[in-house]
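Here is what each chain is made of, one letter per residue.
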Amino acid sequence: MEKTISTFEELKNICNGITVYEAAQLREAELSEISVAEFRSKVKKSLDAMKEAIKNGLKSHEMSISGMCGDDCERLQKRFLRHHALLGRLFEKITTYALATIEENLRMGKIVACPTAGSCAIVPSVLVGVSEELKISEEDQINALITAGEVGRIISNKVALAGAVAGCQAECGVASAMSAAALTQMLGGSVDEILNAMALAMKNLLGLTCDPVCGLVEIPCVKRNPFLAIHAVTASELALAGIKSKIPPDEVIDALEQTGKLMSPLLKESSQGGLAKTKTALELEKEFLQ
Amino acid sequence: MKQSTIIDIISPIMAGPSSSHTAGAIRLGLMAKNIYNGKIKSVTFRLYNSFALTGKGHGTDKGLLAGLLGLAVDDSRIKNIFNSDIAKQFDYNYEYAQDFNRHPNAVDFTIDGENGRMIISGESVGAGEIAIRKINDFTVKLTGKYNTLLLIYKDVPNMIARVTNAIHINIASLNCDRYAKGEEASMSICLDGSVDDKVLDFLKNIKNVYFVSYIKKLES
Ligand code: SF4
């Protein structure tokens with residue numbers, strides 16, 4: 001087995017007859033000198049923690065330390081009790097699970113950084129929401145989470161997954177691309193379809209800046225999570241239809257890297273531009289940071 | 001560059017809300033606890049720059065304290081640590097400062113206790129990763145990923161050879177620093193394995209070695 005796989009092209013070549021998670025789990029087990037079963041049980045630990053965070057988040061409406069966010073999941077749940085979502089039950093699940101998880105994060109609850117804390121709700125909401133609706137087995141959920149992790153890992157070889165380095169495209173953007181790959185795996189997509197789902201999602205989020213109000217992982221991060229979870233579903237549906245990203249996956253990641261470098265430091269987690277410098281943001285800053 | 005693993009991407013399981021400002025703070029506290037390695041009477045946390053400005057909203061203050069008390073990054077007690085009984089073990093207070101010569105997420109721990117006073121400086125460098133940069137006046141680089149030997153000694157020839165000869169495991173990295181030629185110097189050695197008390201005793205008895213500390217790596 002090839003030990004280092006740093007590009008999607010290499011991944012595709014190694015997946016000769018097997019799929020992404022199979023290639024990935026063999027390599028990871030070998031690299032960390034553990035069995036595939038042991039590796040999968042580590043993945044399951046993250047999966048279980050994701051489900052726990054959703055469960056806790058759905059019950060709580062405690063506000064964050066700053067008091068700015070924390071009760072939107074409750075609002076959304078109430079709305080769906082009265083009116084079903086236009087896009088159906090799965091849409092309701094994904095959006096409420098995403099808000100549940102990200103709000104659990106900001107009230108210092110236990111979450112899984114995936115890939116980061118600010119983007120922690122995107123992968124779990126898609127993975128768990130879809131699994132429940134389509135009755136997908138735990139083994140297949142683990143396969144999907146490995147797929148998400150492998151995609152994130154390859155991207156992280158080129159781009160640091162941090163808003164301070166490359167903007168939110170590298171946090172919530174990458175989380176959405178990871179989710180698109182995971183969902184495509186769950187729905188039985190081919191290696192090609194998985195990689196295209198990733199590329200389509202990523203491509204559409206290039207340039208997403210990181211401008212958190214008061215420097216806190218709250219505004220715009222909280223609402224960005226349910227948005228980009230649904231975004232991942234769109235990418236997966238397109239890819240499963242055989243629609244391809246005309247720009248190949250590795251080149252999309254090159255563009256992600258370059259865009260991150262070109263992005264002004266004022267828009268990379270420094271809270272010196274964008275939403276963070278709006279009139280209201282400045283007022284909030286006065287209120288909370290003094 | 002070290003390649004990350006899949007598990008790195010889909011972890012850690014942690015108390016929110018920020019990997020750099022919360023999980024990183026807890027891990028800095030845990031490292032400071034391992035470095036001090038003794039009963040603590042009191043501590044002052046001095047938070048710099050972004051840690052100072054957004055630390056409250058991110059629970060950085062709670063995280064630093066929780067780590068120093070030995071709580072793991074996913075411990076649910078962190079949120080209410082100020083009201084919890086475990087936080088009564090020692091006195092603590094916080095200072096806030098702006099200093100552009102320091103990392104955006106920097107902290108100094110001034111710890112008093114059974115091992116006297118120790119000042120430990122560290123930074124949270126992103127995604128929960130940390131680095132300890134200074135212990136008292138010595139420059140070090142500890143990331144918590146390796147078991148590390150820290151030695152303070154008189155700067156004399158052959159010291160590195162004598163020390164490394166006594167360690168029969170692979171060395172991942174080695175950093176030295178000194179006040180001036182022939183004065184007090186420090187060595188931090190990151191190890192791929194672990195050393196036992198016999199090695200530590202041997203090192204302590206090398207002539208001109210003043211101080212030896214074995215700093216255990218953090219659980220990932
Ligand atoms: S806006 Fe910035 S802080 Fe918020 S999730 Fe995106 S990258 Fe993280």
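Keep in mind that this is a model prediction, so the values were computed, not measured.

Criteria and thresholds
For every chain, the first residue of the written sequence is number 1, and numbering continues from 1 along that sequence. Starting at A for chains and at 1 for ligands, labels are handed out in the order in which the entities are written. A pLDDT threshold of at least 70 governs which residues receive local features in this predicted model, and a stricter bar of 80 or more applies before side-chain atom pairs are shown or counted, although totals over entire chains, interfaces and linings include all residues. Going along the chain from the N terminus, every DSSP run of H or I of four or more residues is numbered as a helix, and every run of E of two or more is numbered as a strand. This radius of gyration counts C-alpha atoms alone. The globule rule is 2.2 Å times how many residues there are, raised to the power 0.38. With C-beta atoms placed from the backbone, a residue counts as buried when 20 or more other C-beta atoms lie within 10 Å of its own, as exposed when 12 or fewer do, and as partly exposed for counts between those limits. Think of it this way: build a C-beta for each residue from its backbone, and any pair within 7 Å is a contact. Multiplying one less than the number of residues by 1.5 Å gives the expected span of a helix. Consider a residue and the seven residues that end there alongside the seven that start there; fitting an axis to each set, the bend is the angle between those axes. What fixes the domain bounds is an automatic or database domain assignment. For this scheme, ten residues count as nonpolar: Ala, Val, Leu, Ile, Met, Phe, Trp, Tyr, Cys and Pro. Four count as charged, namely Asp, Glu, Lys and Arg, and the remainder, Gly too, count as polar. DSSP-based pairing: two strands are paired if at least 2 bridges between them are found. Here an angle of 0 to 180 degrees is reported between the N-to-C directions of two axes, which are lines fitted to C-alpha atoms, with helices fitted over the stretch in contact. Using a C-beta atom placed from the backbone, a residue is described as near a molecule or strand when that atom lies within 6 Å of it.

Asker: Please set out the overall build of chain A residue by residue, giving values where relevant.
Answerer: Helix and strand content of chain A: 13 helices and 1 strand. Taken from N to C terminus, the helices and strands of chain A fall in the order α-α-α-α-α-β-α-α-α-α-α-α-α-α. On C-alpha atoms alone, chain A measures out to a radius of gyration of 19 Å, which is about the 19 Å that the 2.2 N^0.38 rule sets for 290 residues. Viewed in the frame of its principal axes, chain A has a C-alpha envelope of about 55 × 45 × 40 Å. Out of the 290 residues in chain A, the part that is buried amounts to 55%. Pairs at least 24 apart in sequence give 76% of the contacts found in chain A among residues at least 6 apart.

Asker: Could you give an account of helix α2 (residues 19-36) of chain B, naming the residues involved and the relevant values?
Answerer: All names here are of chain B. Over its 18 residues, α2 extends 24 Å from the first C-alpha to the last, a length consistent with the 26 Å expected when each residue adds 1.5 Å. Taking the largest bend as the criterion, α2 deviates by roughly 25°, centred on A25. The buried fraction of α2 is high, at 18 of 18 residues. Within two residues after α2, N37 carries a phi angle of roughly 55°, on the positive side.

Asker: Give me the lowdown on the domain arrangement of chain B, citing residues and values where you can.
Answerer: Residue and element names in this part refer to chain B. Domains assigned within chain B are domain 1 (1-136) and domain 2 (146-220). Here domain 1 and domain 2 have C-alpha centroids that lie 25 Å from each other. Contact residues are listed per partner, giving 7 residues for domain 1 and 5 residues for domain 2. By residue class, the composition of the side of domain 1 that touches domain 2 is 4 nonpolar, 2 polar and 1 charged.

Asker: Requested: an account of the pairing of strand β2 (residues 40-48) of chain B, with residues and values cited.
Answerer: All names here are of chain B. Alignment of β2 against strand β4 (residues 106-113), held across 7 bridges, turns out to be antiparallel. The residue bridging V43 from the neighbouring strand is I111, located in β4. Two strands pair when backbone bridges link them, and β2 and strand β3 (residues 91-97) are joined in this way by 7 bridges, in the parallel orientation. Paired with F45 across the two strands is Y94, which belongs to β3.

Asker: Kindly report on the sheet that holds strand β10 (residues 184-191) of chain B, identifying the contributing residues and their values.
Answerer: All names here are of chain B. Strand order in this open sheet of 4 strands is β9-β10-β8-β11, and the pairing throughout is antiparallel. Taken across any chain shown, the strands that pair with only one partner, and hence form the sheet edges, are β9 (171-178) and β11 (209-215). Between one strand axis and the next, the sheet turns through 15° on average, direction left out of account. Bridge count for β9 against β10 is 7 bridges, and the pairing is antiparallel. Among the inter-strand pairings, S173 is bridged to a residue of β10, identified as C190. Sheet strands in contact with helix α6 (residues 197-204) are β8 (147-154) and β11, and its direction is about 160° off that of β11.

Asker: Help me get a handle on the site of the ligand, residues and values and all.
Answerer: Near the ligand, the surroundings consist of G118, S119, G163, C168, E171, C172, C210, P212, V217, P220, C221 and E269 of chain A. Here the shell around the ligand is composed, by residue class, of 7 nonpolar, 3 polar and 2 charged.

Asker: If you had to explain the environment of N115 of chain B to someone new, which residues and values would you point to?
Answerer: Residue and element names in this part refer to chain B. As for its position among the elements, N115 is in the loop between β4 and β5 (116-126). Since 14 C-beta atoms lie within 10 Å of it, N115 is described here as partly exposed. On a C-alpha basis, the gap between N115 and G38 in space is 6.2 Å, while along the polypeptide they are 77 residues apart. Setting aside its immediate chain neighbours within four residues, N115 contacts Y36 and G38.

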